[in-house]
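Inside the fold
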Amino acid sequence: MIWLIGCKGMLGTEVARQLTINKIDFAGTDIDVDITNPQALADFVKGKQITYIINCSAYTAVDKAESDADFAKKLNEDGPRNIANLANQIHAKMIHISTDYVFDGTGKTPYTEEMSIAPIGVYGKTKADGEAAVRQNLKEHYIIRTAWLYGWAGKNFVYTMIKAMNTYDSVKVVNDQKGSPTFAGDLADFIIKIIKIETVPYGTYHCTDIGEITWWDFTNEIKKQGVELGLITNKDCVVNPCTTDEYPTPARRPAYSVLSKDKIQKSLDITIPFWKDSLSTFLKSDLFDMERIK
Ligand SMILES: NC(=O)c1ccc[n+]([C@@H]2O[C@H](COP(=O)([O-])OP(=O)(O)OC[C@H]3O[C@@H](n4cnc5c(N)ncnc54)[C@H](OP(=O)(O)O)[C@@H]3O)[C@@H](O)[C@H]2O)c1
(Lines give C-alpha, C1' and ligand atoms only; values in the text may rest on other atoms or scores of the structure.)
Protein backbone atom coordinates (compact mmCIF):
# COMPACT_ATOMS: atom_id res chain seq x y z
CA MET A 1 0.00 0.00 0.00
CA ILE A 2 1.08 3.58 -0.67
CA TRP A 3 0.99 6.20 2.07
CA LEU A 4 0.27 9.67 0.73
CA ILE A 5 1.21 12.36 3.24
CA GLY A 6 -0.22 15.84 2.70
CA CYS A 7 -3.21 14.43 0.80
CA LYS A 8 -5.30 17.58 1.31
CA GLY A 9 -2.79 20.04 -0.13
CA MET A 10 -2.77 21.30 -3.72
CA LEU A 11 -0.47 18.60 -5.09
CA GLY A 12 -1.56 15.93 -2.62
CA THR A 13 -5.21 16.24 -3.68
CA GLU A 14 -4.21 15.68 -7.31
CA VAL A 15 -1.95 12.73 -6.49
CA ALA A 16 -4.83 11.18 -4.50
CA ARG A 17 -7.18 11.70 -7.45
CA GLN A 18 -4.79 10.04 -9.89
CA LEU A 19 -3.97 7.13 -7.54
CA THR A 20 -7.71 6.49 -7.33
CA ILE A 21 -8.12 6.66 -11.13
CA ASN A 22 -5.20 4.23 -11.51
CA LYS A 23 -6.78 1.88 -8.92
CA ILE A 24 -3.62 2.00 -6.80
CA ASP A 25 -4.27 1.15 -3.16
CA PHE A 26 -3.33 4.05 -0.88
CA ALA A 27 -3.98 5.65 2.49
CA GLY A 28 -3.95 9.43 2.71
CA THR A 29 -3.16 11.55 5.75
CA ASP A 30 -2.63 15.25 6.25
CA ILE A 31 -2.41 17.35 9.40
CA ASP A 32 -4.21 14.49 11.24
CA VAL A 33 -0.90 12.57 11.29
CA ASP A 34 1.65 15.22 12.18
CA ILE A 35 4.94 14.69 10.35
CA THR A 36 6.82 16.52 13.12
CA ASN A 37 5.75 13.81 15.58
CA PRO A 38 7.74 10.58 14.99
CA GLN A 39 5.45 8.60 17.31
CA ALA A 40 2.34 9.65 15.36
CA LEU A 41 4.03 8.47 12.14
CA ALA A 42 5.07 5.16 13.71
CA ASP A 43 1.57 4.58 15.10
CA PHE A 44 0.04 5.11 11.67
CA VAL A 45 2.08 2.41 9.93
CA LYS A 46 1.39 -0.26 12.58
CA GLY A 47 -0.36 -3.23 10.98
CA LYS A 48 -0.04 -1.76 7.45
CA GLN A 49 2.16 -2.98 4.61
CA ILE A 50 3.51 0.34 3.29
CA THR A 51 5.71 -0.01 0.19
CA TYR A 52 5.92 3.67 -0.83
CA ILE A 53 5.56 6.94 1.04
CA ILE A 54 4.79 10.04 -1.05
CA ASN A 55 5.39 13.22 0.92
CA CYS A 56 3.43 16.19 -0.42
CA SER A 57 3.20 17.94 2.98
CA ALA A 58 5.32 21.03 3.56
CA TYR A 59 5.45 24.55 4.89
CA THR A 60 4.80 26.43 1.64
CA ALA A 61 4.17 30.04 2.76
CA VAL A 62 7.35 31.48 1.25
CA ASP A 63 7.00 35.02 2.63
CA LYS A 64 5.67 34.03 6.05
CA ALA A 65 8.61 31.65 6.47
CA GLU A 66 10.98 34.62 6.74
CA SER A 67 9.53 35.46 10.18
CA ASP A 68 8.53 31.90 11.11
CA ALA A 69 11.80 30.06 10.51
CA ASP A 70 11.53 27.59 13.41
CA PHE A 71 8.17 26.29 12.29
CA ALA A 72 9.24 26.16 8.64
CA LYS A 73 12.26 24.08 9.69
CA LYS A 74 10.04 21.69 11.66
CA LEU A 75 7.83 20.99 8.65
CA ASN A 76 10.40 21.16 5.85
CA GLU A 77 13.44 19.57 7.50
CA ASP A 78 12.47 17.66 10.68
CA GLY A 79 9.27 16.22 9.14
CA PRO A 80 10.98 14.74 6.04
CA ARG A 81 13.76 13.37 8.29
CA ASN A 82 11.15 11.64 10.49
CA ILE A 83 9.43 10.18 7.41
CA ALA A 84 12.71 9.00 5.85
CA ASN A 85 13.78 7.38 9.13
CA LEU A 86 10.52 5.51 9.40
CA ALA A 87 10.63 4.50 5.72
CA ASN A 88 14.08 3.05 6.37
CA GLN A 89 12.78 1.04 9.33
CA ILE A 90 9.79 -0.40 7.48
CA HIS A 91 11.67 -0.87 4.14
CA ALA A 92 9.46 1.54 2.22
CA LYS A 93 10.59 3.76 -0.64
CA MET A 94 9.97 7.50 -0.43
CA ILE A 95 9.05 10.15 -2.96
CA HIS A 96 9.72 13.60 -1.54
CA ILE A 97 8.82 16.89 -3.23
CA SER A 98 11.23 19.82 -3.23
CA THR A 99 11.61 23.12 -4.99
CA ASP A 100 13.49 25.34 -7.43
CA TYR A 101 14.00 27.71 -4.47
CA VAL A 102 17.01 25.62 -3.38
CA PHE A 103 18.90 27.52 -6.12
CA ASP A 104 19.96 31.15 -5.84
CA GLY A 105 18.66 32.07 -9.30
CA THR A 106 21.86 33.62 -10.62
CA GLY A 107 22.10 30.98 -13.38
CA LYS A 108 21.45 31.70 -17.05
CA THR A 109 20.78 28.16 -18.30
CA PRO A 110 18.48 25.48 -16.87
CA TYR A 111 19.64 24.06 -13.54
CA THR A 112 20.57 20.38 -13.61
CA GLU A 113 20.28 18.06 -10.63
CA GLU A 114 24.07 18.07 -10.15
CA MET A 115 24.43 21.85 -9.82
CA SER A 116 25.27 23.40 -6.45
CA ILE A 117 22.37 24.68 -4.41
CA ALA A 118 22.46 28.01 -2.58
CA PRO A 119 19.03 29.01 -1.25
CA ILE A 120 18.43 32.72 -0.67
CA GLY A 121 15.48 32.54 1.72
CA VAL A 122 14.16 30.60 4.71
CA TYR A 123 11.76 28.46 2.68
CA GLY A 124 14.46 27.41 0.20
CA LYS A 125 16.98 26.79 3.00
CA THR A 126 14.56 24.59 4.98
CA LYS A 127 13.59 22.66 1.82
CA ALA A 128 17.29 22.15 0.99
CA ASP A 129 17.90 20.86 4.53
CA GLY A 130 14.87 18.57 4.14
CA GLU A 131 16.38 17.10 0.96
CA ALA A 132 19.64 16.47 2.80
CA ALA A 133 17.80 14.79 5.68
CA VAL A 134 16.04 12.43 3.26
CA ARG A 135 19.31 11.57 1.48
CA GLN A 136 21.09 10.91 4.77
CA ASN A 137 18.45 8.63 6.21
CA LEU A 138 17.06 6.63 3.29
CA LYS A 139 18.82 5.20 0.26
CA GLU A 140 15.59 4.28 -1.57
CA HIS A 141 14.37 7.82 -2.21
CA TYR A 142 13.26 10.05 -5.05
CA ILE A 143 13.54 13.79 -4.46
CA ILE A 144 11.55 15.66 -7.09
CA ARG A 145 12.16 19.38 -7.40
CA THR A 146 9.33 21.28 -9.04
CA ALA A 147 8.44 24.96 -9.50
CA TRP A 148 5.63 27.50 -9.97
CA LEU A 149 3.00 24.87 -9.15
CA TYR A 150 -0.73 25.34 -9.74
CA GLY A 151 -3.55 22.85 -9.42
CA TRP A 152 -7.30 22.67 -9.11
CA ALA A 153 -7.33 22.18 -5.34
CA GLY A 154 -5.31 25.05 -3.97
CA LYS A 155 -4.77 28.75 -3.75
CA ASN A 156 -2.39 29.53 -6.61
CA PHE A 157 -1.20 32.16 -9.06
CA VAL A 158 -3.68 31.28 -11.84
CA TYR A 159 -6.77 31.56 -9.65
CA THR A 160 -5.36 34.71 -8.00
CA MET A 161 -4.67 36.46 -11.31
CA ILE A 162 -8.05 35.61 -12.85
CA LYS A 163 -9.78 37.03 -9.79
CA ALA A 164 -7.54 40.12 -9.85
CA MET A 165 -8.13 40.74 -13.58
CA ASN A 166 -11.89 40.53 -13.03
CA THR A 167 -11.67 42.97 -10.12
CA TYR A 168 -9.23 45.71 -11.18
CA ASP A 169 -8.69 47.85 -14.29
CA SER A 170 -4.99 46.98 -14.25
CA VAL A 171 -2.62 44.57 -12.56
CA LYS A 172 1.15 44.82 -12.08
CA VAL A 173 3.20 41.64 -12.49
CA VAL A 174 6.94 41.04 -12.19
CA ASN A 175 8.74 40.59 -15.47
CA ASP A 176 12.29 39.89 -14.32
CA GLN A 177 11.89 36.46 -12.72
CA LYS A 178 12.04 33.52 -15.12
CA GLY A 179 10.78 30.01 -14.49
CA SER A 180 8.48 27.25 -15.70
CA PRO A 181 4.85 27.02 -14.57
CA THR A 182 3.90 23.47 -13.59
CA PHE A 183 0.44 21.96 -13.60
CA ALA A 184 -0.05 19.67 -10.59
CA GLY A 185 -1.83 17.19 -12.88
CA ASP A 186 1.39 16.71 -14.88
CA LEU A 187 3.57 16.33 -11.79
CA ALA A 188 1.16 13.81 -10.22
CA ASP A 189 1.21 11.84 -13.48
CA PHE A 190 5.03 11.62 -13.35
CA ILE A 191 4.99 10.60 -9.67
CA ILE A 192 2.65 7.72 -10.51
CA LYS A 193 4.83 6.73 -13.49
CA ILE A 194 7.84 6.42 -11.15
CA ILE A 195 5.84 4.05 -8.95
CA LYS A 196 4.50 2.02 -11.88
CA ILE A 197 7.81 1.69 -13.76
CA GLU A 198 9.50 0.31 -10.62
CA THR A 199 13.03 0.45 -12.11
CA VAL A 200 13.68 4.21 -12.14
CA PRO A 201 17.05 4.78 -10.39
CA TYR A 202 16.81 6.45 -6.98
CA GLY A 203 18.01 10.03 -6.65
CA THR A 204 17.11 13.63 -7.35
CA TYR A 205 14.99 14.69 -10.36
CA HIS A 206 13.79 18.00 -11.74
CA CYS A 207 10.23 18.12 -13.02
CA THR A 208 8.31 21.12 -14.33
CA ASP A 209 6.32 21.77 -17.46
CA ILE A 210 8.25 22.84 -20.57
CA GLY A 211 8.87 26.55 -21.16
CA GLU A 212 10.86 29.48 -19.86
CA ILE A 213 8.78 32.55 -19.08
CA THR A 214 8.25 35.38 -16.60
CA TRP A 215 5.27 35.86 -14.29
CA TRP A 216 4.18 38.68 -16.63
CA ASP A 217 4.27 36.32 -19.65
CA PHE A 218 2.28 33.78 -17.62
CA THR A 219 -0.34 36.40 -16.72
CA ASN A 220 -0.75 37.50 -20.35
CA GLU A 221 -1.44 33.90 -21.38
CA ILE A 222 -3.83 33.39 -18.44
CA LYS A 223 -5.65 36.51 -19.67
CA LYS A 224 -5.75 35.34 -23.30
CA GLN A 225 -7.07 31.87 -22.50
CA GLY A 226 -9.26 33.13 -19.63
CA VAL A 227 -11.01 35.65 -21.90
CA GLU A 228 -11.51 33.03 -24.63
CA LEU A 229 -13.13 30.67 -22.11
CA GLY A 230 -15.29 33.37 -20.52
CA LEU A 231 -13.50 33.08 -17.17
CA ILE A 232 -12.26 36.66 -17.50
CA THR A 233 -15.07 39.07 -18.27
CA ASN A 234 -13.10 42.26 -17.67
CA LYS A 235 -11.35 42.07 -21.07
CA ASP A 236 -9.90 45.57 -20.78
CA CYS A 237 -7.84 44.88 -17.68
CA VAL A 238 -4.28 46.00 -18.46
CA VAL A 239 -1.41 43.70 -17.47
CA ASN A 240 1.54 45.96 -16.67
CA PRO A 241 5.06 44.59 -16.27
CA CYS A 242 7.14 45.65 -13.27
CA THR A 243 10.48 44.78 -11.73
CA THR A 244 11.06 42.75 -8.57
CA ASP A 245 12.32 45.95 -6.92
CA GLU A 246 8.98 47.63 -7.63
CA TYR A 247 7.10 44.75 -5.97
CA PRO A 248 8.96 44.07 -2.71
CA THR A 249 8.10 40.91 -0.75
CA PRO A 250 9.49 39.66 2.60
CA ALA A 251 11.26 36.75 0.88
CA ARG A 252 13.72 37.17 -1.98
CA ARG A 253 12.98 34.95 -4.96
CA PRO A 254 15.40 33.41 -7.48
CA ALA A 255 15.57 35.58 -10.63
CA TYR A 256 16.11 32.51 -12.81
CA SER A 257 14.79 29.15 -11.67
CA VAL A 258 14.31 27.13 -14.83
CA LEU A 259 15.05 23.45 -14.12
CA SER A 260 16.51 21.09 -16.71
CA LYS A 261 14.11 18.25 -17.47
CA ASP A 262 16.64 16.07 -19.36
CA LYS A 263 17.16 13.54 -16.58
CA ILE A 264 13.50 12.82 -15.84
CA GLN A 265 12.60 12.74 -19.54
CA LYS A 266 15.25 10.11 -20.21
CA SER A 267 14.57 8.10 -17.04
CA LEU A 268 10.81 7.88 -17.55
CA ASP A 269 10.87 8.02 -21.36
CA ILE A 270 8.20 10.72 -21.31
CA THR A 271 7.28 13.84 -23.20
CA ILE A 272 6.62 16.66 -20.77
CA PRO A 273 3.76 18.98 -21.76
CA PHE A 274 4.32 22.58 -22.87
CA TRP A 275 3.15 25.04 -20.20
CA LYS A 276 0.52 26.70 -22.43
CA ASP A 277 -1.13 23.34 -23.18
CA SER A 278 -1.25 22.41 -19.51
CA LEU A 279 -2.71 25.80 -18.62
CA SER A 280 -5.43 25.10 -21.16
CA THR A 281 -6.12 21.65 -19.60
CA PHE A 282 -6.35 23.30 -16.19
CA LEU A 283 -8.71 26.08 -17.29
CA LYS A 284 -11.01 23.89 -19.41
CA SER A 285 -11.58 21.13 -16.86
CA ASP A 286 -14.73 20.56 -14.82
CA LEU A 287 -12.38 20.40 -11.84
CA PHE A 288 -11.57 24.11 -12.26
CA ASP A 289 -12.92 25.64 -9.03
CA MET A 290 -15.12 28.62 -9.96
CA GLU A 291 -15.47 29.48 -6.24
CA ARG A 292 -11.78 30.40 -6.13
CA ILE A 293 -12.13 33.18 -8.71
CA LYS A 294 -15.19 34.81 -7.14
N1 LIG B 1 3.16 25.57 -4.50
C2 LIG B 1 4.24 25.79 -5.25
O3 LIG B 1 4.30 26.72 -6.08
C4 LIG B 1 5.44 24.87 -5.13
C5 LIG B 1 6.57 25.13 -5.92
C6 LIG B 1 7.68 24.29 -5.80
C7 LIG B 1 7.64 23.20 -4.93
N8 LIG B 1 6.54 22.99 -4.16
C9 LIG B 1 6.54 21.84 -3.24
O10 LIG B 1 5.50 20.96 -3.65
C11 LIG B 1 4.98 20.27 -2.51
C12 LIG B 1 3.47 20.40 -2.49
O13 LIG B 1 3.14 21.79 -2.40
P14 LIG B 1 1.63 22.29 -2.29
O15 LIG B 1 1.59 23.64 -2.88
O16 LIG B 1 0.71 21.22 -2.76
O17 LIG B 1 1.51 22.43 -0.69
P18 LIG B 1 0.22 22.77 0.17
O19 LIG B 1 -0.96 23.00 -0.70
O20 LIG B 1 0.64 23.84 1.13
O21 LIG B 1 -0.04 21.41 0.95
C22 LIG B 1 0.73 20.99 2.03
C23 LIG B 1 -0.16 20.13 2.92
O24 LIG B 1 0.60 19.68 4.05
C25 LIG B 1 -0.22 19.81 5.20
N26 LIG B 1 0.54 19.89 6.43
C27 LIG B 1 1.00 21.02 7.04
N28 LIG B 1 1.61 20.71 8.19
C29 LIG B 1 1.56 19.36 8.31
C30 LIG B 1 2.01 18.45 9.31
N31 LIG B 1 2.66 18.88 10.40
N32 LIG B 1 1.79 17.13 9.15
C33 LIG B 1 1.11 16.69 8.04
N34 LIG B 1 0.67 17.50 7.06
C35 LIG B 1 0.87 18.83 7.20
C36 LIG B 1 -0.98 21.08 4.94
O37 LIG B 1 -2.09 21.21 5.79
P38 LIG B 1 -2.59 22.71 6.17
O39 LIG B 1 -2.99 23.34 4.86
O40 LIG B 1 -3.72 22.46 7.10
O41 LIG B 1 -1.42 23.41 6.79
C42 LIG B 1 -1.37 20.88 3.47
O43 LIG B 1 -2.55 20.12 3.34
C44 LIG B 1 5.71 20.87 -1.31
O45 LIG B 1 6.79 20.06 -0.95
C46 LIG B 1 6.24 22.20 -1.80
O47 LIG B 1 7.38 22.62 -1.09
C48 LIG B 1 5.44 23.79 -4.24
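Everything discussed here concerns the structure shown above.
Rules of the game
Residues numbered from 1 in each chain as written. Predicted model: local features only at pLDDT ≥ 70, side-chain atom pairs only at ≥ 80, totals over all residues. Heavy atoms only, no water. Core = buried A, V, L, I, M, F, W, Y, C linked by side-chain atoms within 4.5 Å. Buried < 20%, exposed > 50% of the residue type's maximum accessible area, 1.4 Å probe, protein only. Helix = DSSP H or I, 4+ residues; strand = E, 2+ residues; numbered from the N terminus. Contact = heavy atoms within 4.5 Å. Polar contact = N/O pair within 3.5 Å; in protein donor to acceptor, adjacent residues only side chain to side chain. Axes fitted to C-alpha atoms, helices over the stretch in contact; angles between N-to-C directions. Parallel < 35°, antiparallel > 145°, perpendicular 65-115°, else oblique. Left-handed = near helix turned anticlockwise from the far one by under 90°. Nonpolar A, V, L, I, M, F, W, Y, C, P; charged D, E, K, R; others polar. Near = heavy atom within 4 Å. Areas by Shrake-Rupley, 256 points an atom, 1.4 Å probe, with all protein chains shown as cover.

**What about the nonpolar core?**
Membership of the largest hydrophobic core comes to 30 residues, with the highest contact counts inside it found for Val15, Ile54, Ile95 and Ile191. Elements with a minimum of two residues in this core: strand 1 (2–5), helix 1 (10–21), strand 3 (52–55), strand 4 (93–99), strand 5 (141–146), helix 7 (184–197) and helix 9 (262–268). At eight residues, the largest contribution of residues to this core is made by helix 7. Beyond its immediate sequence surroundings of up to four residues, isoleucine 54 is in contact with Ile2, Trp3, Leu4, Ile5, Val15, Leu19, Ile95, Ile191 and Ile195. Formed by 29 residues, the second largest nonpolar core is a distinct cluster that contains Val171, Phe218, Ile222 and Leu283.

**Comments concerning the environment of histidine 96**
For histidine 96, the position within the fold is in strand 4. Classification of histidine 96 by relative accessible area gives buried; the value is 1%. It is 26 Å that separates the C-alpha atoms of histidine 96 and tryptophan 215, two residues lying 119 residues apart in sequence. Of note is the side chain of histidine 96, whose polar atom sits 3.1 Å from the side chain of asparagine 55.

**Description of the packing of helix 4 (residues 69–90) against helix 5 (residues 122–137)**
At their nearest, the axes of helix 4 and helix 5 sit 8 Å apart, and the two run at 15° to each other. Taken together, the axes of helix 4 and helix 5 are roughly parallel relative to one another. The hand of the helix 4/helix 5 crossing is right-handed. Each of Ala69, Ala72, Lys73, Asn76, Glu77, Pro80, Arg81, Ala84, Asn85 and Asn88 in helix 4 lies in contact with helix 5, whose residues at this interface are Val122, Tyr123, Thr126, Lys127, Asp129, Gly130, Ala133, Val134 and Asn137. A breakdown of the residues in the contact of helix 4 with helix 5 according to their chemical character gives eight nonpolar, six polar and five charged.

**Topic: the site of the ligand**
Lining the immediate environment of the ligand, one finds 23 residues, of which Leu11, Asp34, Thr60, Tyr123 and Lys127 sit closest. Within the backbone of glycine 9, an N or O atom sits 3.3 Å from an oxygen atom of the ligand. With respect to the ligand, the backbone of isoleucine 35 contributes an N or O atom lying 3.1 Å from a nitrogen atom. Alone, the ligand offers 900 Å² of accessible surface; in the complex the protein occludes 78% of this. It is strand 4 that contributes the most residues to the shell around the ligand, three residues altogether. In the shell around the ligand, the residues fall into 13 nonpolar, six polar and four charged.

**Some details on the side chain of glutamate 113**
Considering the arrangement of structural elements, one finds glutamate 113 in the loop between strand 4 and helix 5. At a separation of 2.8 Å, a polar atom in the side chain of glutamate 113 contacts the main-chain amide nitrogen of histidine 206. Apart from residues no more than four positions distant in its own chain, glutamate 113 is found in contact with Arg145, Thr204, Tyr205, His206, Ser260 and Lys263.

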